[in-house]
Amino acid sequence: MAESFVLNTGARIPSVGLGTWQIEHGAVSDAIYAAVKAGYRHIDSAVAYRNQKEVGLALQKLFEDGVVKREDLFVTSKLWPGNHAPEDVQEDLCSALEDLRLDYVDLYLIHGPIRIQKGTMFIPENLIPTDIPATWGAMEKLYHAGKARAIGVSNFSCKKLQDLLAVARVPPAVNQVECHPVWQQDKLRKLCQSTGVHLSAYSPLGSPGSPGYSGPNVLSNPVVMSVAERLQKTPAQVALRWGIQMGQSVLPKSADRTRIGENFDIFDWSIPYDLMAKFSAIKQVRLLKVEFVVHPNSGYNTLEDLWDGEVEYEDERTENQDHSDFLRCFS
Ligand SMILES: NC(=O)c1ccc[n+]([C@@H]2O[C@H](COP(=O)([O-])OP(=O)(O)OC[C@H]3O[C@@H](n4cnc5c(N)ncnc54)[C@H](OP(=O)(O)O)[C@@H]3O)[C@@H](O)[C@H]2O)c1
């Protein structure tokens, strides 16, 4: 089964990437080193995760120790929401490359259809409306310069992706979105397949316990657990294997050596057709709704505006939850 998928650039994206959001300072290097030793060739990073310098040190050590060469790895970074102005995009990538100790990234994403004023913290008061066509024009320049071997977006709904495709001269190679058995993104997946955009799944395990996430736990979902039991695999392995069988790359985060290995041990077995069919019975709920972006300054008056209707409330509590922990992760 696919150990990589082909992007519309012709490059291959490895189907399992190590997520690096919320890996504690001091633990990033060990996690990346362990992952690459275990066979991972794809690392997902972002300025917003505030640990990119440590990612860079880990990559340098891997190259110096001769574990892998630069060309063996697929490294992603993402544009900071305060640097959407076209004149700031190149500098944002240059600074990410400096931190990562690389000459180019394999994939550079607009982190979301969310923008804040330059030089400010990621809090609601600093939000401003996006101008995605203008930002994308600057992303295209980085692609043509070879600094980003592929460019793409993240957290884009079907409508926002279609709007971008209508104006892009270089079409996005990837849309990185929340995707797991509890939020399967069927509509977006179909659009991505028909337009040649690769869907990459963040929070493929449902990001258990993470700030800002609310709703059912993916790893204790009865379908996921029963398939795991039938196949003698863990729920995490089933969630990830489901993802790659649906055609998406998956980006599990772990800082634990055993779980890093477990999450990569998904290639020499598969979920049979009859068990794959069971996933369609799972009630669908977006777990990361990012409610704080609904603010007079952002241009998003409702969650419907932000996600273009691709959201479902589980209950009243999710509308009123406290977002301070989530914001602290980025500020
Ligand atoms: N583009 C975006 O806006 C965006 C948003 C969110 C995430 N992402 C990317 O996607 C990556 C993954 O998403 P995520 O970090 O939100 O969540 P996730 O990968 O779905 O879940 C990570 C959590 O699951 C635990 N875990 C890992 N492997 C496990 C296993 N085998 N069994 C049980 N628990 C396990 C981890 O704990 P341990 O570390 O203790 O193992 C951690 O608490 C991020 O790190 C980031 O790179 C992107």
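Residues numbered from 1 in each chain as written. Predicted model: local features only at pLDDT ≥ 70, side-chain atom pairs only at ≥ 80, totals over all residues.

Next up on the list: the overall build of the protein chain. When its secondary structure is counted, the protein chain shows 13 helices and twelve strands. Scaling as 2.2 N^0.38, a compact globule of 331 residues should have a C-alpha radius of gyration of about 20 Å, and the protein chain matches this with 19 Å. Dimensions of the protein chain along its principal axes, counting C-alpha atoms only, are 55 × 50 × 40 Å. Within the protein chain, buried positions represent 44% of all 331 residues. (Helix = DSSP H or I, 4+ residues; strand = E, 2+ residues; numbered from the N terminus. Rg over C-alpha atoms; globule rule 2.2 N^0.38 Å. Buried ≥ 20, exposed ≤ 12 C-beta atoms within 10 Å, placed from the backbone.)

Turning next to the confidence of the model for the protein chain. Averaged over every residue, the pLDDT of the protein chain is 94; residues scoring 70 or more account for 94%. Counted against residues more than four places away or in other chains, residues 313-321, with its pLDDT under 50, gives nine contacts. (pLDDT = per-residue confidence, 0-100. Contact = placed C-beta atoms within 7 Å.)

Turning next to the site of the ligand. Every one of the 31 residues lining the ligand counts as a neighbour, but Gly 19, Leu 205, Ser 207, Ala 236 and Lys 253 are closest to it. It is helix 9 (residues 257-264) that contributes the most residues to the shell around the ligand, three residues altogether. Here the residues of the shell around the ligand are counted per class, giving ten nonpolar, 16 polar and five charged. (Near = placed C-beta within 6 Å. Nonpolar A, V, L, I, M, F, W, Y, C, P; charged D, E, K, R; others polar.)

Of all hydrophobic cores here, the largest spans 77 residues; its most connected members are Ile 32, Tyr 108, Met 139 and Ala 239. For this core, the element with the most residues is helix 8 (residues 235-245), which contributes six residues. With residues near it in sequence (within four places) discarded, Ala 239 still touches His 180, Pro 181, Pro 204, Leu 205, Val 218, Leu 219 and Val 224. Counting residues in each nonpolar core, the second largest holds eight residues, with Ile 114, Ile 116, Leu 303 and Leu 306 among its members. (Core = buried A, V, L, I, M, F, W, Y, C linked by C-beta atoms within 7 Å.)

Relative to the elements of secondary structure, Glu 87 occurs in helix 3 (residues 86-100). The sequence separation of Glu 87 and Gly 261 amounts to 174 residues, and the corresponding C-alpha distance is 41 Å.

Below, the discussion takes up the sheet that holds strand 4 (residues 42-44). Spatially, 3-4-5-6-9-10-11-12 is the arrangement adopted by the eight strands of the open sheet, whose pairing is parallel. Two strands close off the open sheet at either side, each with one partner strand: strand 3 (18-19) and strand 12 (249-250). Here strand 6 (residues 107-110) pairs with strand 9 (residues 151-154) via three bridges, running parallel. Of the residues in strand 9, the one forming a bridge with Leu 109 is Gly 152. On top of the sheet, helix 6 (residues 186-195) reaches strand 10 (174-178) and strand 11 (198-202); it is set at about 145° to strand 11, its chief contact. (Pairing = 2+ DSSP bridges. Axes fitted to C-alpha atoms, helices over the stretch in contact; angles between N-to-C directions.)

What follows deals with the UniProt feature "active site" (unreviewed entry) in the protein chain. With numbering aligned to this structure, UniProt lists the feature "active site" (unreviewed entry) at Tyr 49. Looking at the secondary structure, you find Tyr 49 in the loop between strand 4 and helix 2 (52-64). For Tyr 49, a count of 21 C-beta atoms within 10 Å gives the class buried. Not counting chain neighbours up to four residues away, the residues in contact with Tyr 49 comprise Thr 20 and Trp 21. (UniProt positions renumbered as here; feature names shortened; annotations may be inferred.)

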